[in-house]
Amino acid sequence: MKIEESNIVETSDYRVIIYPASRPFETKEAKSITEKLFDFLATWAAHGNPLSSSFKIEKNQFIIICVDEEKEMASGCSIDALGKVMREIDEEYQLGLFDRMKASFVDQGEVKTLKLQDFKSQLRNGELSRDIQVFDFSKNTYLDFLSHFLLPLEKSWAASIQ
């Protein structure tokens, strides 16, 4: 089930886990990832209790997992199981899903990703426009994701980079 097709209502706040890839997915990769996540989430459970969850691929580069923890809390073991599946996907396609030392942003309508050090350097040197929008992968609730996942540079975590 995709987030858009699920019964998750946007007025409720659910747990979100964001896996940012270092590059856009190829069509075959997106199809395979979608199938693997459908299969995994259909059986995802915490202490034997099914987790109400969904996912979507955002901007063809970010995997967003959503869990309704009002129904059942995701346990350490269930999060580990998700991490295992995501590591398998990451290794199969070399996506950099666990590399947190990168920055993704929208520049002239295009999603771009740089190593964090390069992003900071290019901002400081004026090689990147201050008009870009920046993704924030630290969002951990659905409402926060909806309203603050992509922000203008001056309102993002990157605003203080001089």
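Basis of the calculations
Residues numbered from 1 in each chain as written. Predicted model: local features only at pLDDT ≥ 70, side-chain atom pairs only at ≥ 80, totals over all residues. Heavy atoms only, no water. Helix = DSSP H or I, 4+ residues; strand = E, 2+ residues; numbered from the N terminus. Polar contact = N/O pair within 3.5 Å; in protein donor to acceptor, adjacent residues only side chain to side chain. Contact = heavy atoms within 4.5 Å. Pairing = 2+ DSSP bridges. Axes fitted to C-alpha atoms, helices over the stretch in contact; angles between N-to-C directions. Salt bridge = Lys/Arg side-chain N within 4 Å of Asp/Glu carboxyl O. Buried < 20%, exposed > 50% of the residue type's maximum accessible area, 1.4 Å probe, protein only. Expected span 1.5 Å × (residues − 1). Phe/Tyr/Trp six-rings, centres within 6.5 Å; stacked < 30°, edge-to-face > 60°.

> So what exactly am I meant to see when it comes to the environment of Gly 48 here?
Counting through the fold element by element, Gly 48 comes out in the loop between strand E2 (45-46) and strand E3 (49-50). For the pair formed by Gly 48 and Ser 78, sequence separation is 30 residues and the distance between their alpha carbons is 9.7 Å.

> Please clarify how the side chain of Thr 34 should be interpreted in this entry.
You can see Thr 34 is positioned in helix H1 (residues 27-43). Here Ala 30 takes part through its backbone oxygen, which lies 2.7 Å from a polar atom of the side chain of Thr 34. The contact partners of Thr 34, leaving out residues within four places of it in the chain, are Phe 55 and Ile 57.

> Looking at this structure, how should I read the sheet that holds strand E8 (residues 133-135)?
The strands making up a sheet associate through hydrogen bonds between their backbones, and the pairing can be parallel or antiparallel. Spatially, 4 strands are ordered E7-E6-E8-E9 in an open sheet, and the strand pairing comes out antiparallel. For this open sheet the edge positions go to strand E7 (110-115) and strand E9 (150-152), each flanked by a neighbour on one side alone. Across the sheet, the mean angle separating the axes of adjacent strands is 30° when strand polarity is ignored. As paired elements, strand E6 (residues 102-107) and E7 share 6 bridges and run antiparallel to each other. Pairing of Asp 107 across the sheet is with Glu 110, part of E7. Most of the contacts of helix H3 (residues 116-124) go to E7, to which it runs at about 110°, and overall it touches E6, E7 and E8.

> Would you explain the pattern of salt bridges in this entry?
Side chains bearing opposite charge may pair, as long as their charged atoms lie close to each other. Inspection of every chain in the model, using the stated rule, returns 10 salt bridges. Put simply, Lys 84 and Glu 88 hold a salt bridge, and the shortest N to O gap is 2.9 Å. With a gap of 4 residues between them, Lys 84 and Glu 88 both fall in helix H2 (residues 76-93), about one helical turn apart. Taking the relative accessible area as the measure of exposure, Lys 84 reaches 53% and is therefore exposed.

> Even after reading the chapter, I still don't get H1, so can you show me in this structure?
In an α-helix, one full turn covers 3.6 residues, which means residues spaced three or four apart are oriented alike. For H1, which comprises 17 residues, the first-to-last C-alpha distance of 25 Å matches the rise-based estimate of 24 Å (1.5 Å per residue) to within 8%. Looking only at H1, the buried set comprises Glu 29, Ala 30, Ser 32, Ile 33, Thr 34, Leu 37, Phe 40 and Leu 41.

> So what exactly am I meant to see when it comes to the side chain of Ser 78 here?
Relative to the helices and strands, Ser 78 resides in helix H2. The residues contacting Ser 78, other than those within four sequence positions of it, are Trp 44, Ala 45, Ala 46 and Leu 51.

> I keep staring at the packing of aromatic side chains and nothing clicks. Help me out?
All chains considered together, the criterion is met by 12 aromatic pairs. Ring geometry for Tyr 19 against Phe 98: centres 5.6 Å apart, planes inclined by 70°, an arrangement best described as edge-to-face. Residue Tyr 19 is found in strand E1 (residues 15-20), and its partner Phe 98 is found in the loop between H2 and E6; the two are separated by 79 residues along the sequence. Under the relative-accessibility criterion, Phe 98 is labelled partly exposed at 30%. On the numbers, 5.4 Å between centres and 40° between planes, the contact of Phe 105 with Phe 119 is tilted.

> Help me understand the sheet that holds E1 in this model?
The strand order E1-E5-E4 describes an open sheet built from 3 strands, whose pairing is antiparallel. Looking at strand neighbours, the two that pair on one side only are E1 and strand E4 (53-58), the edges of this open sheet. Sheet twist, expressed as the mean angle between neighbouring strand axes with direction ignored, is 20°. Sheet contacts for H1: E4 and strand E5 (62-67); angle to E4, the most-contacted strand, approximately 170°. Running over the sheet, H2 touches E1 and E5 and is turned about 20° from E1.

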